[in-house]
Amino acid sequence: MLRRGTYQFNKDANFNFQLNRVVMWGNGDPDEIAGISDGITDSAGWVRALTGLAKKAAEEGRVEQQIGYLRMSEFFMYDSDPAKLDTYRRAKELFYRFYADKITERNLIRSEVPYGNGTLPVLSAKAAGTCKGRILLHGGNDSYIEEFFDALCCFQDRGFDVYLFEGPGQGGCLREQNMKFDPAWEKPVKTILDYFRLENVTIIGASLGGYLAPRAAAFEKRISKVIGWSIFPDFFDILLADDPKLLRVVMDGMYKRGHAGIFNKLYQKMMEKSELVKWNLLHGMYAYDAPDPVSYVQKIRQFTLKGIGDKVTQDMLILAGRDDHMIMPSLFHEEYDLLPNVRSLALQLYTNADDAGSHCNMGNMKLALDTMIRWIDQMNEKNGGISK
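The structure presented is a predicted model; accordingly, all values stated were derived computationally and were not measured.

K.L.:
Looking at this model, I keep getting lost on the overall build of the chain. Mind explaining?
P.N.:
On a plain count of helices and strands, the chain comes out with 17 helices and eight strands. The C-alpha radius of gyration computed for the chain amounts to 20 Å, which stays within 12% of the reference 21 Å derived for 388 residues, consistent with globular compactness. Along the first, second and third principal axes, the C-alpha set of the chain runs to 55 × 55 × 45 Å. Split into buried and exposed, the 388 residues of the chain put 59% on the buried side.

K.L.:
So what exactly am I meant to see when it comes to the pattern of salt bridges here?
P.N.:
If the charged atoms of two oppositely charged side chains come close together, the side chains can form a pair. For the structure shown, the criterion picks out 24 salt bridges. Note that Asp-194 and Lys-190 form a salt bridge whose closest N and O atoms lie 2.7 Å from each other. One end of the pair, Asp-194, and the other, Lys-190, are both in helix 9 (residues 186–196), four residues apart, so they sit about a helical turn from each other. Accessibility expressed as a relative area gives 35% for Asp-194, which makes it partly exposed. Note that Asp-237 and Lys-306 form a salt bridge whose closest N and O atoms lie 2.9 Å from each other. Here Asp-237, found in helix 11 (residues 235–240), pairs with Lys-306, found in the loop between helix 15 (293–300) and strand 7 (315–321); they are 69 residues apart in sequence, far enough to count as distant. Asp-237 sits in the buried class, given a relative accessible area of 18%.

K.L.:
Help me understand the packing of helix 13 (residues 263–273) against helix 14 (residues 275–287) in this model?
P.N.:
Relative orientation and spacing of two packed helices are given, respectively, by the angle between their axes and the distance between those axes. Helix 14 packs onto helix 13 with a crossing angle of 125° between their chain directions and a minimal axis gap of 5 Å. Considering the angle they form, helix 13 stands oblique to helix 14. The crossing of helix 13 and helix 14 is left-handed. Of the residues in helix 14, those in contact with Tyr-267, Met-270, Met-271 and Lys-273 of helix 13 are Glu-275, Val-277, Lys-278, Leu-281 and Leu-282. Of the residues contributing to the contact of helix 13 with helix 14, the split by class is six nonpolar, no polar and three charged.

K.L.:
It is not clear to me how the side chain of Asn-380 should be interpreted in this structure. Could you clarify?
P.N.:
Residue placement: Asn-380 occurs in helix 17 (residues 365–382). A relative accessible area of 10% means that Asn-380 is categorised as buried. Within the structure, the side chain of Asn-380 is placed 3.3 Å from the backbone oxygen of Lys-132, a separation counted as a polar contact.

K.L.:
Got a minute to help me understand the pairing of strand 7 in this structure?
P.N.:
Consecutive side chains along a regular strand alternate between the two faces of the sheet. Burial of strand 7 is extensive: seven of the seven residues sit out of reach of the surface. On strand 7, burial covers both faces: Asp-315, Leu-317, Leu-319 and Gly-321 on one face and Met-316, Ile-318 and Ala-320 on the other are all buried. Pairing geometry for strand 7 and strand 8 (residues 344–350), over seven bridges, is parallel. In the strand pairing of strand 8, Leu-319 is matched with Gln-348. Between the parallel elements strand 7 and strand 8, the chain passes through helix 16 (residues 332–337) in a crossover that is right-handed.

K.L.:
Can you help me understand the environment of Val-63 in this one?
P.N.:
Tracing the chain through its elements places Val-63 in helix 4 (residues 63–75). C-alpha of Val-63 to C-alpha of Asn-107: the two residues are 44 residues apart in sequence and 22 Å apart in space.

K.L.:
Please explain helix 9 as it appears in this structure.
P.N.:
What sets the pattern is the α-helix's 3.6 residues per turn: residues three or four places apart point alike. Listing the buried residues of helix 9 in full gives Glu-186, Pro-188, Val-189, Ile-192, Leu-193 and Phe-196. Seen end-on, helix 9 carries its buried residues on one side only, within an arc spanning 165°. After helix 9 finishes, the residue Arg-197 shows a positive phi value of roughly 55°.

K.L.:
What am I meant to see in the packing of aromatic side chains here?
P.N.:
By the definition in use, this model includes 29 aromatic pairs. Ring geometry for Phe-95 versus Phe-149: centroids 5.5 Å apart, planes at 85°, classification edge-to-face. One end of the pair, Phe-95, is in helix 5 (residues 83–98); the other, Phe-149, is in helix 7 (residues 149–157), and 54 residues separate them in sequence. Assigned by exposure class, Phe-95 and Phe-149 land together as buried. For Arg-110, the ring lying beneath its charged end belongs to Tyr-96, and the centroid distance is 3.5 Å.

K.L.:
Honestly, the pairing of strand 3 (residues 133–138) in this entry has me stumped. Any pointers?
P.N.:
Across the six residues of strand 3, five count as buried, placing the element largely inside the fold. As defined by bridge partners, strand 3 adjoins strand 4 (residues 160–165) across five bridges and the pair is classed as parallel. When the sheet's bridge partners are listed, Leu-136 is paired in strand 4 with Tyr-163. Inspection of the sheet shows strand 3 paired to strand 5 (residues 201–206) by five bridges, in the parallel sense. Its bridge partner lying in strand 5, Arg-134 is registered against Val-201.

Rules used in this analysis
Residues numbered from 1 in each chain as written. Predicted model: local features only at pLDDT ≥ 70, side-chain atom pairs only at ≥ 80, totals over all residues. Heavy atoms only, no water. Helix = DSSP H or I, 4+ residues; strand = E, 2+ residues; numbered from the N terminus. Rg over C-alpha atoms; globule rule 2.2 N^0.38 Å. Buried < 20%, exposed > 50% of the residue type's maximum accessible area, 1.4 Å probe, protein only. Salt bridge = Lys/Arg side-chain N within 4 Å of Asp/Glu carboxyl O. Axes fitted to C-alpha atoms, helices over the stretch in contact; angles between N-to-C directions. Parallel < 35°, antiparallel > 145°, perpendicular 65-115°, else oblique. Left-handed = near helix turned anticlockwise from the far one by under 90°. Contact = heavy atoms within 4.5 Å. Nonpolar A, V, L, I, M, F, W, Y, C, P; charged D, E, K, R; others polar. Polar contact = N/O pair within 3.5 Å; in protein donor to acceptor, adjacent residues only side chain to side chain. Pairing = 2+ DSSP bridges. Right-handed = clockwise from strand over helix to strand, strands pointing away. Arc of directions from axis to C-beta. Phe/Tyr/Trp six-rings, centres within 6.5 Å; stacked < 30°, edge-to-face > 60°. Lys NZ or Arg CZ within 6 Å of the ring centre and 35° of its normal.

Structural data, given as structure tokens:
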């Protein structure tokens, strides 16, 4: 079910966004969320509140809500929390048990594609009716494959073969296999294209996927179209986008010269003052295999279209929200400059007038998916069919 709505649950922008995510992508009850939202001021409070909702939903037999609450309670558990992995697995197992009939009815296939010393989980679907194309869909910095189940079903119903996957740093790859993020996203993408023998694919990447997808397309020309479900030219620039220009220049210079170690104390103070900064840094250290905040920031400097954007030669669409609390829309200008050789480039910027002004158009997934599908159809027509 593709919901629509924008809710003001919490005064903290990130907690408010994530609570909307529980409703929009986790089937949470907005009235229940509103009832616990004011008590959430830190990660521990989030975990207590969402765990409580999951327990209540379980007791009342509301499995769909239980899954979303359980999954998102794990979201703010830190790597050191012994309950993290168990909570993730419970939510995952419950999801596939609850949706087993729907998965069977739609002939969806769960695959584990060999990759390195582990596997990449893939959920694939064949188009309903005549196939209009093939879509490779993935998330970003903190996503779960199960969150995109409704998107997969929508694309299937609209005539697309769909391959939804998790790569290193995401979902079960991170939590169960300890696969850390790798900026070279073309490597897992190549593995999946080879495994399923795919050609002429539209790749769609959400959030950080707005970098990962075009990065893969730069080196993998079996991708014919690219959709960035977020503006994402450079991770470091996004991290510093709200800071004064002089500070950005100084920090950039110190990182380049290898003198950034002194920032660890600064980051520690920032974590003490901001729960968002604390979660971002601790999750980043975990997902990017970094021993301290400075090492994490050094890792994310590799997640950039600088130096490779000129290799993206496909048609590309970028979707964004004007009120995105994570990524300033003005960064589109930077991304535009980094993509001089794209076959075509379109930006769709939505606002909260359509409940789509948040990060990844959180309040109106249907509008975002409809936009993607119309664009793919237009590109197919422009290029003379899906085989082009």
